[in-house]
Protein chains: 2
Amino acid sequence: MRVISKSGEYGLRALLHMASNQENEGFFNIREMSEELDISFHFLTKILQVLTQKGILQSYRGPNGGVGFLKSPEEITLSELVRALEGDDFFDKCLLGLPGCGERQPCPMHAYWMGIRNNLKSEFETTSLADLGKNTRLQHLRLIA
Amino acid sequence: MRVISKSGEYGLRALLHMASNQENEGFFNIREMSEELDISFHFLTKILQVLTQKGILQSYRGPNGGVGFLKSPEEITLSELVRALEGDDFFDKCLLGLPGCGERQPCPMHAYWMGIRNNLKSEFETTSLADLGKNTRLQHLRLIA
DNA sequence: AATATTTAAGAGTATTTTGTCTTTTATAAA
DNA sequence: TTTATAAAAGACAAAATACTCTTAAATATT
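Calculation criteria
- Residues numbered from 1 in each chain as written.
- Chains lettered and ligands numbered in written order.
- Predicted model: local features only at pLDDT ≥ 70, side-chain atom pairs only at ≥ 80, totals over all residues.
- Heavy atoms only, no water.
- Helix = DSSP H or I, 4+ residues; strand = E, 2+ residues; numbered from the N terminus.
- Contact = heavy atoms within 4.5 Å.
- Buried < 20%, exposed > 50% of the residue type's maximum accessible area, 1.4 Å probe, protein only.
- Lys, Arg positive; Asp, Glu negative; His and termini not counted.
- Salt bridge = Lys/Arg side-chain N within 4 Å of Asp/Glu carboxyl O.
- Polar contact = N/O pair within 3.5 Å; in protein donor to acceptor, adjacent residues only side chain to side chain.
- Least-squares fit on C-alpha atoms with pLDDT ≥ 70 in both.
- Near = heavy atom within 4 Å.
- Nonpolar A, V, L, I, M, F, W, Y, C, P; charged D, E, K, R; others polar.
- Pairing = 2+ DSSP bridges.

Novice: Can you help me understand the environment of Ile116(B) in this one?
Specialist: Mapping Ile116(B) onto the fold places it in helix 5 (residues 110–125). Ile116(B) sits 29 residues away from Ala145(B) along the chain, and the two C-alpha atoms are 30 Å apart. In contact with Ile116(B), other than residues within four places in its own chain, are Leu120(A), Glu123(A) and Phe124(A).

Novice: What exactly am I supposed to notice about the side chain of Arg142(B) here?
Specialist: Secondary-structure assignment places Arg142(B) in the segment after helix 6 (129–139). Buried within the structure, Arg142(B) lacks any salt-bridge partner; Asp38(B) is the closest side chain of opposite charge, at an N-O distance of 11 Å. At 2.9 Å, the side chain of Arg142(B) and the backbone oxygen of Gln105(A) are in polar contact. Of note is the side chain of Arg142(B), whose polar atom sits 3.0 Å from the backbone oxygen of Ala145(B). If we skip the residues at most four places from it in the chain, Arg142(B) touches Leu98(A), Pro99(A), Gly100(A), Cys101(A), Gln105(A), Pro106(A), Cys107(A) and Pro108(A).

Novice: What am I meant to see in the pattern of salt bridges here?
Specialist: Any two side chains of opposite charge can pair, given that their charged atoms come close. Residue and element names in this part refer to chain A. Overall, the coordinates contain four salt bridges over all chains when judged by the stated rule. In this structure, Lys71 and Glu80 form a salt bridge, with 2.8 Å as the shortest nitrogen-oxygen distance. The shortest N-O distance in the salt bridge between Asp89 and Lys93 comes to 3.7 Å.

Novice: What exactly am I supposed to notice about the relation of the copies chain B and chain A here?
Specialist: Of the transformation placing chain B onto chain A, the axial shift is 0.0 Å and the rotation is 180 degrees, giving an RMSD of 0.0 Å. In short, the pair behaves as if placed about a two-fold rotation axis. Among all C-alpha atoms of chain B, that of Val3(B) lies closest to the rotation axis, at 2.8 Å. Most of the interface of chain B is mirrored in chain A, where 100% of its interface residues are also at the interface.

Novice: Can you walk me through the protein's contact with DNA strand C in this structure?
Specialist: If you check the shell around DNA strand C, you find 28 residues, and the closest are Ile30(A), Ser59(A), Arg61(A), Ser40(B) and Phe43(B). The separation between a base oxygen of DNA strand C and a polar main-chain atom of Pro63(A) is 3.5 Å. In the model, a base oxygen of DNA strand C is placed 2.8 Å from a nitrogen or oxygen of the Arg61(B) side chain. When contributions to the surface near DNA strand C are tallied by element, the ones reaching two or more residues are helix 3 (41–53) and strand 1 (57–60) of chain A together with helix 1 (6–19) and helix 3 (41–53) of chain B. It is helix 3 of chain A that provides the largest number of residues to the surface near DNA strand C, a total of four residues. A class-by-class count of the residues in the surface near DNA strand C yields eight nonpolar, 14 polar and six charged.

Novice: What should I look at first to understand the interface of chain B and chain A in this one?
Specialist: In this assembly, 39 residues from chain B lie in contact with 39 residues from chain A. Linking chain B to chain A there are zero salt bridges. Summed over the shared surface of chain B and chain A, the result is 10 residue pairs in polar contact (both at pLDDT 80 or more). The biggest single contributor to the side of chain B that touches chain A is helix 5 of chain B, with six residues. In the side of chain B that touches chain A, the residues fall into 26 nonpolar, six polar and seven charged.

Novice: Could you clarify how one ought to interpret the pairing of strand 2 (residues 66–69) of chain A in this entry?
Specialist: Sheet faces and side chains relate simply in a regular strand, where the side chains alternate between the two faces. Residue and element names in this part refer to chain A. With four bridges connecting them, strand 1 and strand 2 associate as antiparallel partners. Bridging from a neighbouring strand, Leu57 pairs with Phe69 of strand 2. In sequence, strand 1 turns back onto strand 2 through a hairpin of five residues, with Gly62 there showing a positive phi of about 85 degrees.

Novice: Whenever I open this one, the protein's contact with DNA strand D confuses me. Can you help?
Specialist: Taken together, 26 residues lie around DNA strand D, and Ser40(A), Pro63(A), Ile30(B), Ser59(B) and Arg61(B) are the ones closest in. Backbone atoms, meaning sugar plus phosphate, form 64% of the atoms of DNA strand D positioned within 4 Å of the protein. Contact between DNA strand D and Tyr10(A): a phosphate oxygen at 3.1 Å from a side-chain N or O atom of the residue. The side chain of Ser59(B) places a nitrogen or oxygen atom 2.6 Å from a phosphate oxygen of DNA strand D.

Encoded structure:
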């Protein structure tokens, strides 16, 4: 098992790369990013397309085209990114996978799991992409294997 | 995305079912369980086989055969079960999927994620299957859709 | 206008996970 | 000892996820 999908990992890595190179300011070339991060170009393109469709990134085609932030990384929360990459119901899912699990018809782990899940949710909601990106830049942390 | 795999969900549901019907005491028939929980019989069999191989369950073949707990549910932690069902490294994985991520060569999210991960880990380590099973029995909570 | 560049989109392939079916092995009961 | 029952094991099929390749559309430069 993995906590997030491969696409999610790739997406987060690309976003962190962008956020930690914001002096670059404008648009990032996807081909270059794919090489720097060692992620398949076409696959990364698709993942970033989704983020563009969800209004997190904007893109331009043609020479010097690329992808850039639509909102400032200060205003982008980790929670928002995980939902965009892993599905809107990420923080609502039943641990046992039971559909319709909730207050009205809880599974045996509902209350327990909801506590844990909500902690994670609020943690992710109060962490911005800028926070993580600054960290990356200042400490020269790696985004590749 | 899902937090645990489908096999993991099925395994937990079966174990909760067993733990909450402990008056039954002895062995549980897998066919019956698969019907009560609406899980494919053969698939469930394989999942329980793994739990048997990992020393959490024991099994007997033949008439009145089945699977039962090897240790008492009081002594089985949720942490142990998740590791058995999702892999031993469940609580050690890098959120970005980077191999070898750790103190020596951390990814930008390492410290942050380690905090969250360790919380989850200790939460799961201090929760027994018996706790969850008792809950299920006393409150008549559902394990099926 | 023509060409080159770069993302978008879609079709197709590979791998992993999930699920099914069949055969084997162990055990109990007649 | 034969038969029935139930888990173990393995081969196979289907679905989901991950990845590749080709074509289309947009934009900039000449």
